[in-house]
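Spelled out, the chains give:
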Amino acid sequence: MEITVSEKAGSVPVTLFRVEGEIAANTYQQLEQRAREAYEAGTRYLLLDLGEVTFVSSAGIRAISSIYNLLRGESPAESDATVREGIRAGTYKSAHLKLLKPGKQALSTLEMAGLDMYLEIFTSEKKAIDSF
(Lines give C-alpha, C1' and ligand atoms only; values in the text may rest on other atoms or scores of the structure.)
Protein backbone atom coordinates (compact mmCIF):
# COMPACT_ATOMS: atom_id res chain seq x y z
CA MET A 1 0.00 0.00 0.00
CA GLU A 2 1.17 3.50 -0.81
CA ILE A 3 -0.08 6.67 0.83
CA THR A 4 0.50 10.11 -0.65
CA VAL A 5 -0.22 12.98 1.72
CA SER A 6 -1.12 16.52 0.72
CA GLU A 7 -2.77 19.54 2.28
CA LYS A 8 -5.85 21.16 0.82
CA ALA A 9 -7.37 24.52 1.67
CA GLY A 10 -11.06 24.57 2.45
CA SER A 11 -12.94 26.40 5.16
CA VAL A 12 -10.54 24.43 7.40
CA PRO A 13 -7.18 22.87 6.51
CA VAL A 14 -7.82 19.36 5.15
CA THR A 15 -5.21 16.61 4.95
CA LEU A 16 -5.71 14.36 1.94
CA PHE A 17 -4.44 10.78 2.01
CA ARG A 18 -4.39 9.18 -1.45
CA VAL A 19 -4.25 5.46 -0.75
CA GLU A 20 -3.22 2.91 -3.38
CA GLY A 21 -3.35 -0.87 -3.12
CA GLU A 22 -4.96 -3.02 -0.45
CA ILE A 23 -5.94 -2.02 3.07
CA ALA A 24 -5.57 -5.47 4.55
CA ALA A 25 -4.06 -7.41 7.45
CA ASN A 26 -0.52 -6.76 6.26
CA THR A 27 -0.96 -3.03 5.50
CA TYR A 28 -3.61 -1.51 7.79
CA GLN A 29 -1.05 -0.55 10.46
CA GLN A 30 0.73 1.66 7.96
CA LEU A 31 -2.49 3.63 7.39
CA GLU A 32 -3.14 3.95 11.12
CA GLN A 33 0.44 5.06 11.77
CA ARG A 34 0.36 7.72 9.05
CA ALA A 35 -2.93 9.02 10.46
CA ARG A 36 -1.48 9.16 14.00
CA GLU A 37 1.56 11.04 12.68
CA ALA A 38 -0.68 13.50 10.84
CA TYR A 39 -2.84 13.97 13.93
CA GLU A 40 0.23 14.62 16.10
CA ALA A 41 1.36 17.17 13.50
CA GLY A 42 -1.97 19.01 13.80
CA THR A 43 -4.36 17.34 11.35
CA ARG A 44 -7.96 17.47 12.55
CA TYR A 45 -9.73 17.03 9.20
CA LEU A 46 -8.81 14.08 7.01
CA LEU A 47 -10.06 13.00 3.60
CA LEU A 48 -9.21 9.43 2.60
CA ASP A 49 -9.07 9.04 -1.19
CA LEU A 50 -9.82 5.36 -1.80
CA GLY A 51 -10.06 5.61 -5.59
CA GLU A 52 -7.01 3.39 -6.09
CA VAL A 53 -7.76 0.94 -3.28
CA THR A 54 -8.27 -2.53 -4.70
CA PHE A 55 -9.39 -4.32 -1.52
CA VAL A 56 -10.50 -3.46 2.02
CA SER A 57 -10.39 -6.27 4.58
CA SER A 58 -11.86 -6.35 8.07
CA ALA A 59 -8.47 -5.05 9.29
CA GLY A 60 -8.91 -2.12 6.90
CA ILE A 61 -12.35 -1.42 8.34
CA ARG A 62 -10.85 -1.44 11.83
CA ALA A 63 -8.11 0.96 10.67
CA ILE A 64 -10.64 3.43 9.25
CA SER A 65 -12.72 3.16 12.45
CA SER A 66 -9.59 3.75 14.52
CA ILE A 67 -8.77 6.89 12.50
CA TYR A 68 -12.34 8.10 12.97
CA ASN A 69 -12.04 7.66 16.75
CA LEU A 70 -8.65 9.38 16.80
CA LEU A 71 -9.98 12.44 14.99
CA ARG A 72 -13.16 12.81 17.02
CA GLY A 73 -11.38 12.28 20.34
CA GLU A 74 -11.23 15.93 21.38
CA SER A 75 -14.62 17.01 20.08
CA PRO A 76 -17.17 17.38 22.90
CA ALA A 77 -19.94 17.65 20.29
CA GLU A 78 -19.13 14.06 19.27
CA SER A 79 -19.68 12.25 22.55
CA ASP A 80 -20.52 8.55 22.29
CA ALA A 81 -24.14 9.20 23.27
CA THR A 82 -24.54 12.01 20.72
CA VAL A 83 -23.00 9.91 17.96
CA ARG A 84 -25.16 6.85 18.74
CA GLU A 85 -28.32 8.97 18.81
CA GLY A 86 -27.38 10.68 15.53
CA ILE A 87 -26.61 7.39 13.80
CA ARG A 88 -29.94 5.95 14.94
CA ALA A 89 -31.74 9.03 13.64
CA GLY A 90 -29.73 9.06 10.41
CA THR A 91 -28.53 12.60 11.08
CA TYR A 92 -24.91 12.09 12.16
CA LYS A 93 -21.88 12.22 9.87
CA SER A 94 -18.31 12.72 11.05
CA ALA A 95 -17.08 16.28 10.81
CA HIS A 96 -13.45 15.12 10.87
CA LEU A 97 -13.12 12.12 8.52
CA LYS A 98 -14.60 11.68 5.07
CA LEU A 99 -14.06 9.21 2.24
CA LEU A 100 -13.48 9.89 -1.44
CA LYS A 101 -14.14 7.71 -4.50
CA PRO A 102 -14.08 4.19 -3.08
CA GLY A 103 -14.21 1.58 -5.84
CA LYS A 104 -17.06 -0.89 -6.11
CA GLN A 105 -15.46 -3.56 -3.88
CA ALA A 106 -14.30 -1.06 -1.26
CA LEU A 107 -17.68 0.66 -1.22
CA SER A 108 -19.48 -2.65 -0.77
CA THR A 109 -17.22 -3.55 2.16
CA LEU A 110 -17.67 -0.11 3.76
CA GLU A 111 -21.44 -0.38 3.44
CA MET A 112 -21.55 -3.94 4.80
CA ALA A 113 -19.53 -2.79 7.81
CA GLY A 114 -21.86 0.18 8.31
CA LEU A 115 -19.21 2.88 7.97
CA ASP A 116 -21.41 4.72 5.47
CA MET A 117 -23.81 5.33 8.36
CA TYR A 118 -21.42 7.84 9.92
CA LEU A 119 -18.80 8.66 7.27
CA GLU A 120 -19.73 10.74 4.25
CA ILE A 121 -18.62 9.30 0.93
CA PHE A 122 -17.92 11.62 -1.99
CA THR A 123 -17.15 11.19 -5.68
CA SER A 124 -15.84 14.76 -6.10
CA GLU A 125 -12.68 15.92 -4.32
CA LYS A 126 -13.82 19.55 -4.40
CA LYS A 127 -17.22 18.74 -2.87
CA ALA A 128 -15.55 16.61 -0.22
CA ILE A 129 -13.12 19.36 0.77
CA ASP A 130 -15.89 21.98 0.73
CA SER A 131 -17.97 19.79 3.07
CA PHE A 132 -15.55 20.15 6.00
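Our subject is the structure that appears above.
A. Just the pattern of salt bridges, in detail. Under the definition given, this model contains seven salt bridges. A salt bridge links Glu125 to Lys8; the nearest nitrogen and oxygen atoms lie 3.6 Å apart. Here Glu125, found in helix H5 (residues 125-130), pairs with Lys8, found in strand E1 (residues 2-9); they are 117 residues apart in sequence, far enough to count as distant.

B. Molecular detail of the pairing of E1. Alignment of E1 against strand E2 (residues 13-23), held across eight bridges, turns out to be antiparallel. Residue pairing in the sheet places Ala9 in a bridge with Pro13 of E2.

C. Representation of the packing of aromatic side chains in the model. Tallying each qualifying case throughout the model produces two aromatic pairs. Between Tyr45 and Phe132 the ring centres are 5.9 Å apart and the planes differ by 80 degrees, which places this aromatic pair in the edge-to-face class. Here Tyr45 is found in the loop between helix H1 (28-40) and strand E3 (46-56), whereas its partner Phe132 is found in the segment after H5, with 87 residues between them in sequence. We classify Phe132 as buried; its relative accessible area is 12%. With a centroid separation of 4.8 Å and an interplanar angle of 55 degrees, the aromatic rings of Tyr68 and Tyr118 are classed as tilted. Of the two residues, Tyr68 is situated in helix H2 (residues 58-72) and Tyr118 in the loop between helix H4 (104-113) and strand E5 (121-122); the sequence distance between them amounts to 50 residues. Directly above the aromatic system of Phe132 lies the positively charged group of Lys98, at a separation of 4.9 Å from the ring centroid.

Cut-offs applied
- Residues numbered from 1 in each chain as written.
- Predicted model: local features only at pLDDT ≥ 70, side-chain atom pairs only at ≥ 80, totals over all residues.
- Heavy atoms only, no water.
- Salt bridge = Lys/Arg side-chain N within 4 Å of Asp/Glu carboxyl O.
- Helix = DSSP H or I, 4+ residues; strand = E, 2+ residues; numbered from the N terminus.
- Pairing = 2+ DSSP bridges.
- Phe/Tyr/Trp six-rings, centres within 6.5 Å; stacked < 30°, edge-to-face > 60°.
- Buried < 20%, exposed > 50% of the residue type's maximum accessible area, 1.4 Å probe, protein only.
- Lys NZ or Arg CZ within 6 Å of the ring centre and 35° of its normal.

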